[in-house]
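Examination of the molecular architecture
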Amino acid sequence: MIDYDALLNTASTMGVRMLESGAEAYRVEDSLQRLCRAYGVDTCEIFAIPSLLIVSMCDPEGHSHTRVRRLYHRGTDLHQVDRLNSLCREVCRDTPPFPQVDGALARLAAEPGYPPAMQLAGYALVAAFFTPLFGGGLADALCALAAGTVIGLLKLPMDRIRANGFFVNTICSMAAALVAIAGVRLGVGQQLDKIIIGAFMGLVPGVAITNFMRDILAGDLFSGITKLAESLLTATAIALGAGIALSLARAVGGVV
């Protein structure tokens, strides 16, 4: 006898964890379909978009059982997506009791993410290494390193309190552009545009852009368009922050 409530709770929790970690809609839907079939439920419908997950199934008597889960926070953690994928495969293969699966999901959720120092180093090093790729020199890379560090110092605490993403990206891009302008005016850097572009690479939603294309190609148009809109808003926020910084620099004496 299948415990439909337990299966719904386990499947919806796994799907929410995957969506929160940045998994594509088709990956979530396919994983949960396989999970339900592994426990003997052939009639199962999954609908996943970045902000919502619906899991519905029918019992042999024709009664419908449904869970609707709303998502309020999403990020990009490909390591967590990989761990959840592996767990789903193990569950489909071994079909352990639901409390055991729920415990594994809870342990994955409790795993600490990358430490703040490592994330800060990531923002700084991404900026420093991308700048020479765009044609900047070593001095420009040094300025980009400082700008990327400022992005990390501002973004990490704001992400912890789940501040509005548009606001976060605008503030971070503005601060990074101001640091780049200061570096050029002090004579450390030479090519302002290369420094700014390199520093902003830590803010560019590369994974989201890739995922929206994959969702659209997989036929999940609604999910893909949603991620496209998010990517465009992020790009707008970055451009707005840079524009504010450059306008301020012109107002106080011209841009180098």
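Just so it is clear, the model here is predicted, and its values are computed rather than measured.

**Describing unusual backbone geometry**
With a phi close to 40°, T95 is a non-glycine residue in the positive phi region. Within the fold, T95 resides in the loop between helix 3 (78-94) and helix 4 (98-110). Even without glycine at this site, R162 takes up a positive phi of about 60°.

**Notes on the nonpolar core**
Core analysis: the biggest nonpolar cluster contains 33 residues, and M14, V28, L32, L35, L53 and M57 have the highest contact counts within it. L35 has contacts with A11, M14, C88, V91 and C92, leaving out every residue within four places of it along the chain. A144, A147, A199 and A249 belong to the second-largest nonpolar core, a separate cluster that totals 25 residues.

**Points about the pattern of salt bridges**
One pass over the structure, following the stated rule, counts 10 salt bridges. Put simply, R34 and D30 hold a salt bridge, and the shortest N to O gap is 2.9 Å. Pair noted here: R34 and D30 are both in helix 2 (residues 25-38), with a separation of four residues, about one helical turn. Looking at D30, the relative accessible area reads 36%, which means it is partly exposed. One salt bridge connects D159 with K155, and the closest N-O pair in it is separated by 2.9 Å. Here D159 pairs with K155, and both are found in helix 6 (residues 138-160), just four residues apart, close to one helical turn. For D159, a relative accessible area of 31% puts it in the partly exposed group. The network of salt bridges with common partners includes E24, R27 and R214.

**Re the side chain of T131**
Here T131 is to be found in helix 5 (residues 116-133). The class of T131 is buried, set by a relative accessible area of 0%. Polar contacts involving the side chain of T131 include one to the main-chain carbonyl oxygen of A127, which spans 2.8 Å.

**Let's talk about the sheet that holds strand 3 (residues 64-70)**
Sheet strands associate in pairs through backbone hydrogen bonding, adopting either a parallel or an antiparallel arrangement. A sheet is described by the order of its strands in space; here three strands give the open sequence 1-2-3, paired in antiparallel fashion. Only two strands of the sheet have a single neighbouring strand rather than two, namely strand 1 (44-49) and strand 3. In this sheet, neighbouring strand axes are inclined to one another by 5° on average, regardless of whether the strands run parallel or antiparallel. In this structure, strand 2 (residues 52-58) lies alongside strand 3, joined through seven bridges in antiparallel fashion. Counted as the bridge partner of S56 is T66 from strand 3. Packing against the sheet, helix 1 (residues 4-20) makes contact with strand 1, strand 2 and strand 3, and its axis sits at approximately 155° to strand 2.

Criteria and cut-off values
- Residues numbered from 1 in each chain as written.
- Predicted model: local features only at pLDDT ≥ 70, side-chain atom pairs only at ≥ 80, totals over all residues.
- Heavy atoms only, no water.
- Helix = DSSP H or I, 4+ residues; strand = E, 2+ residues; numbered from the N terminus.
- Core = buried A, V, L, I, M, F, W, Y, C linked by side-chain atoms within 4.5 Å.
- Buried < 20%, exposed > 50% of the residue type's maximum accessible area, 1.4 Å probe, protein only.
- Contact = heavy atoms within 4.5 Å.
- Salt bridge = Lys/Arg side-chain N within 4 Å of Asp/Glu carboxyl O.
- Polar contact = N/O pair within 3.5 Å; in protein donor to acceptor, adjacent residues only side chain to side chain.
- Pairing = 2+ DSSP bridges.
- Axes fitted to C-alpha atoms, helices over the stretch in contact; angles between N-to-C directions.

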